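# Structural characterization, general
Listed below, chain by chain, are the residues.
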Amino acid sequence: MRAPSSREAALGEVLLAVEDVSLAFGGIRALTSVSFDIRKGEIRAIIGPNGAGKTSMLNVINGFYQPQSGRITFKGKERTSMRPYAAAEGGIARTFQNLALFRGMTTLDNILAGRALKMRRGFFWQLIRHGPALREEVEHRRRVEEIIDFLEIAAIRKVPVGRLPYGLQKRVELGRALAMEPDLLLLDEPMAGMNLEEKEDMSRFILDVNQQYGTTIALIEHDMGVVMDLSDRVVVLDYGRKIADAAPDDVKSDKNVIRAYLGEPHGVSV
Amino acid sequence: MDIIHKVFIDPFVQMGMAPDLLVQTLWDGLVGGVLYALIALGFVLIFKASGVFNFAQGIMVVFAALTLVGLHEHGVPAFVALGLTVVVMFVLAFGVERLVLRPLVNQSDIILFMATFGITYFLIGFGQLVFGGNPKVMIAQQLYLPNGAIEFKGLGGFVSLQKIDIAAVIIASVMVAVLAVFFQRTRIGRALRAVADSHQAALSVGISLEQIWVIVWFAAGIVALATGIMWGARSEVSFSLQIIALKALPVLILGGLTSIPGAIVGGLIIGIGEKLAEFYWGPLLGGGIESWFAYVIALGFLVFRPQGLFGERLIERI
Amino acid sequence: MLYREAGQYKTNYAADMAVFPILQDRIGMAVILLIAFVVFPLVCNDFMLNAVLIPFLIFSLAAIGLNLLTGYTGLLSLGTGAFMGVGAYACLKLTTFFPNVDIIIWIIASGFFSAAIGVLFGLPSLRIKGFYLAVATLAAQFFLEWCFIRIPWLYNNSVSGAIEVPLRTFMGIPVTGPTATSLTRYLVVLSIVVAMTWVASNVVHGRIGRMWMSVRDMDLAAELIGIRLLRAKLLAFAVSSFYCGVAGAMMVFLWYGGAEADVFAIDQSFLVLFMVIIGGLGTLIGSFFGAALIYILPIALRAIPAAFGLPIRPAAAEQLTFVIVGALIIVFLVMEPNGLARLWQIGKQKLRVWPFPY
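Residues numbered from 1 in each chain as written. Chains lettered and ligands numbered in written order. Predicted model: local features only at pLDDT ≥ 70, side-chain atom pairs only at ≥ 80, totals over all residues.

All names here are of chain A. Examined bridge by bridge, strand β3 (residues 43-47) and strand β9 (residues 233-238) share four bridges and lie parallel to one another. The residue bridging Arg44 from the neighbouring strand is Arg233, located in β9. By the bridge criterion, five bridges tie β9 to strand β10 (residues 241-246) in an arrangement that is antiparallel. Along β10, the bridge assignment pairs Val236 with Ala244. Taking the residues that link successive antiparallel strands as the turn, the β9-β10 hairpin has two residues, and the phi of Tyr239 there is positive, at about 50°. (Pairing = 2+ DSSP bridges. Helix = DSSP H or I, 4+ residues; strand = E, 2+ residues; numbered from the N terminus.)

So, about the interface of chain C and chain B. Listed by partner, the interface residues are 35 residues for chain C and 41 residues for chain B. Put simply, the parts of the chain that give the side of chain C that touches chain B at least two residues each are α6 (130-150), α11 (266-279) and α13 (314-335) of chain C. Sort the elements by how many residues they give to the side of chain C that touches chain B and α13 of chain C lands first, with 14 residues. Looking at the side of chain C that touches chain B residue by residue, the classes come out as 28 nonpolar, four polar and three charged. (Contact = placed C-beta atoms within 7 Å. Nonpolar A, V, L, I, M, F, W, Y, C, P; charged D, E, K, R; others polar.)

Take unusual backbone geometry next. Residues and elements named next belong to chain A. Notably, Asp20 is not glycine yet its phi reads approximately 60°, a positive angle. Within the fold, Asp20 resides in strand β1 (residues 14-25). With phi around 55°, Glu152 is a residue other than glycine that occupies positive phi space. Its place among the elements puts Glu152 in the loop between α6 (132-150) and α7 (166-179).

One finds Ala40, Val216 and Ala298 of chain B together with Ile58, Val246, Met250 and Ile329 of chain C to be the most contacted residues of the largest nonpolar core, which totals 291 residues. Top element by residues in this core is helix α10 (residues 229-256) of chain C. It accounts for 18 residues. Both domain 1 (1-90 + 216-270) and domain 2 (92-181) of chain A contribute no fewer than three residues apiece to this core. Apart from the residues lying within four places of it in its own chain, the contact partners of Ala40 of chain B are Ala248, Val251, Leu252, Gly255, Ala263, Gly266 and Gly267 of chain B. (Core = buried A, V, L, I, M, F, W, Y, C linked by C-beta atoms within 7 Å. Buried ≥ 20, exposed ≤ 12 C-beta atoms within 10 Å, placed from the backbone. Domains from an automatic or database assignment.)

Here α6 of chain C contains 21 residues, and its C-alpha end-to-end distance of 31 Å stays within 8% of the 30 Å for a straight helix at 1.5 Å per residue. The element α6 of chain C is extensively covered by neighbouring structure, given that 16 of its 21 residues are classed as buried. (Expected span 1.5 Å × (residues − 1).)

What follows is about the domain arrangement of chain A. Residue and element names in this part refer to chain A. Its domain assignment divides chain A into domain 1 (1-90 + 216-270) and domain 2 (92-181). Of note, the centres of domain 1 and domain 2, computed from C-alpha atoms alone, are 28 Å apart. Contacts between the two partners involve eight residues from domain 1 and, on the opposite side, six residues from domain 2. Within the residue set of the side of domain 1 that touches domain 2, elements represented by two or more residues are α2 (54-62) and α3 (84-90). Tallied by class, the residues present in the side of domain 1 that touches domain 2 amount to four nonpolar, three polar and one charged.

All right, on to the sheet that holds β10 of chain A then. All names here are of chain A. The strand order across the open sheet formed by six strands is β6-β7-β8-β3-β9-β10, and the pairing between neighbours is mixed. In this open sheet, the two strands that pair with only one neighbour each are β6 (92-95) and β10. In this sheet, neighbouring strand axes are inclined to one another by 15° on average, regardless of whether the strands run parallel or antiparallel. Packed onto the sheet, helix α11 (residues 255-262) meets β9 and β10 and runs at close to 130° relative to β10. (Axes fitted to C-alpha atoms, helices over the stretch in contact; angles between N-to-C directions.)

Residues and elements named next belong to chain C. Taken N-terminus to C-terminus, the directions of helix α4 (residues 80-97) and α6 make an angle of 35°; their axes are 8 Å apart at the nearest point. As for the relative orientation of α4 and α6, their crossing is left-handed in sense. Here α4 contributes Gly81, Ala82, Gly85, Val86 and Tyr89 to the contact with α6, which in turn contributes Ala140, Gln141, Leu144, Glu145 and Phe148. Considering only residue class, the contact of α4 with α6 consists of six nonpolar, three polar and one charged. (Left-handed = near helix turned anticlockwise from the far one by under 90°.)

Our next topic: the sheet that holds β1 of chain A. Residues and elements named next belong to chain A. With antiparallel pairing, the four strands of this open sheet are ordered in space as β2-β1-β4-β5. Where the open sheet ends on each side, the last strands, each with one partner, are β2 (28-39) and β5 (77-78). Relative to β5, strand β4 (residues 69-74) is paired through two bridges, and the arrangement is antiparallel. Of the residues in β5, the one forming a bridge with Thr73 is Glu78.

As a further point, take the pairing of β6 of chain A. Residues and elements named next belong to chain A. Burial along β6 is two-sided: the face carrying Ile92 and Arg94 and the face carrying Ala93 and Thr95 are both buried. Of the pairings in the sheet, the one linking β6 to strand β7 (residues 184-188) comprises four bridges and is parallel in character. The partner of Ala93 across the bridge, within β7, is Leu185.

Turning our eyes to something else, we now look at the packing of helix α6 (residues 163-185) of chain B against helix α9 (residues 209-234) of chain B. Residues and elements named next belong to chain B. Two elements in contact, α6 and α9, have axes separated by 10 Å at closest approach and are oriented at 170°. Considering the angle they form, α6 stands roughly antiparallel to α9. When α6 is examined against α9, the residues Ile164, Asp165, Ala168, Ile171 and Met175 are found in contact with a partner set consisting of Val223, Ala226, Met230, Ala233 and Arg234. Of the residues belonging to the contact of α6 with α9, the class tally is eight nonpolar, no polar and two charged. (Parallel < 35°, antiparallel > 145°, perpendicular 65-115°, else oblique.)

Residue and element names in this part refer to chain B. One can find Gly221 in helix α9. With 177 residues separating them in the primary sequence, Gly221 and Val44 have C-alpha atoms 12 Å apart. Once you skip the residues sitting within four places of it in the chain, Gly221 turns out to touch Met60, Ala64, Met89, Leu92 and Ala93.

Next comes the structure, spelled out in structure tokens:
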């Protein structure tokens, strides 16, 4: 556990603010008046029972869904309805619960794809490749290799991702998100389907990303142990509403949270 | 100003001045539309039950008609030939399910779509090899289909309705009604609807997907046969029909891929629409706009309302 | 034993990312180019050049064009025939208005016209995908077919309704028109195809290729790494149509010598699509394999039985081609959706370990 005060001092001003956001699909209310913020440099966990609206929240931040009401402010500018590519351009990267890798490409190409926004060499240079375009490719390849080393996936870099086991695929997806050098990294259940060792590895990567690169991280996670260990603050959603927003220890003992997960106690001590 | 007059005023004036021609055009469009609708119906049947977009529906129409005529040419009596053709369509359905659908069972939609291209070309080549590439005459008389026309004077001129066209509309309506009853009332119809809704759920209640697919392709084959007979009786049986059958695609876009009433309504709109466009606006552009008008209408729909008039809106979940 | 990479170390990223990283591949490529540019002109007769090699090259280029759109970007197009036609007619009008400009320049320039039309008909791809987009391309196909017939200005108002190719020279040698020799035309076509294949290879190995493949594999994910879908798709339509346009112009000017509108009918669209499917979606070499198989198959079907003394009617050969192609498509989609190109890759893998089994 880190000393709270020095960590507090390391956290910056508000990077992302979600104010009163509501989202509905037809008759289904996915989110109702949710408000919270994420500070620069922190690791924010978003937790809640299934169907609470956690993924919808990330989708709204990302620009995949446009909320019916509410405001989202990112880096001081209001960005409530932006397209996903605008979110990417603004510095938001994302991984998915069900993996969104480019299955027809290798690990290396997938992560290189994450450099898309950073590759600027124009169409004409691409036509002839040799010269500026190739130099740019090599330069970005270098950066990508750093990420590959960091995530310890060098051995599989030329393997088509469709053939990789689930745990490694999740790492590749993280790699692609990191390649974007984002300011805000949204992770949707990064530990899902992993065994204890894989979870430990992934936790270590997440912490390293946060501490080495200073990336702000918001993650959805079901494993309470991971949430407690990694996050600075926790938002708890239930049926689309926020029911708690505090430090992990406080959330752990919050009555509303316990009720949301376990239901009403019937004479059984919790 | 002249252009605006020509495009927006003149054609309607013409329509008003010669109402008999208008009715004739509307009727011709209706009949064409009914035939497009029948082809679209075959598509919808297969798509609803197996999620496969059967590009080969058009060639199935031609192939069915060819088989019928070909058998008759070899001396088989008309109604026996009809029965044998039904058997052939069943064999075709069975073959497609075994050799194409089953091996490709978990592939993406695009792959299945392209596989139906393969079926199309296979049938084109096979049909030509076995029956020859020359156009043939449909054995309308032998099947007791009426010929001749009903003419009636009125509306300032006269309107001529071919009896075969009337028969086509009637037979098509009967077929749609039978299919509707089949889907709603019978056990197999229910099973088909179940499969269309969810393969997994259907499997879990013991419905055999393979059987359903054979049935559905066979049903589409029967529809194709009826369409082929009607169409062949109106003009002739030739492979160019296959290209015309592509017009069922715009019909599907208008009507939605999963809706039987949509296929009918879409077919009528396209059929009547393109005939009106050709007759009244065609001369402005040099004629022949029937070849692309339906597609451009479909394109317009695609941009503004991709699910068509009746189809289901696809929501992509992430 | 021959095809080993042992000992070929890459010491920098550029070498590792080369298009032909293995030395044997580079040698093989050089040999093929040598054969194409030097050996064939010496050895082949007019028939081989005219009826086999030139059309093979032209169709390969068209297949590359369609592969860029359908194989790499995942946008199914049934308008290839029409886009080829736009190139042909554009070339005719350009050379009619400016007869003194080198025809080769106009052949390349006509690609830009195709590209523009391609972008126009590709606009719907913002909203629609998959089979729906295919129907939109059908609109392009049928509309343009109609234009080719109904706008006499396009074919210089010729009475026959067909394109008549005028005599044009390049550095004094006749290149198009009745007096151009097969050899001249072959060398021109070969040069253009080799150059454009090189460019296509550069594009697909770089960031644009990755961008297109991202759009193909999962366009939602592509958006979230910052790719603007409409721009990516329209670029694919533009480049693809450019290639098809040039192929169409070459088809009329450097092969047929003249053409009627039905050359660019929907059958052509299907033909090229099948080349791409069988050859291998998403590969450049597959375009060549597919073109070879589909184009040469009917010729082989005619020649082989004749060699055994069983002549076959030309119509039957064509029909048999349809049957075989249709069956092959299904077979390939079932067994090897990545087509001949993947089989070739597997073959090379086996060659690497030969004579050992694995």
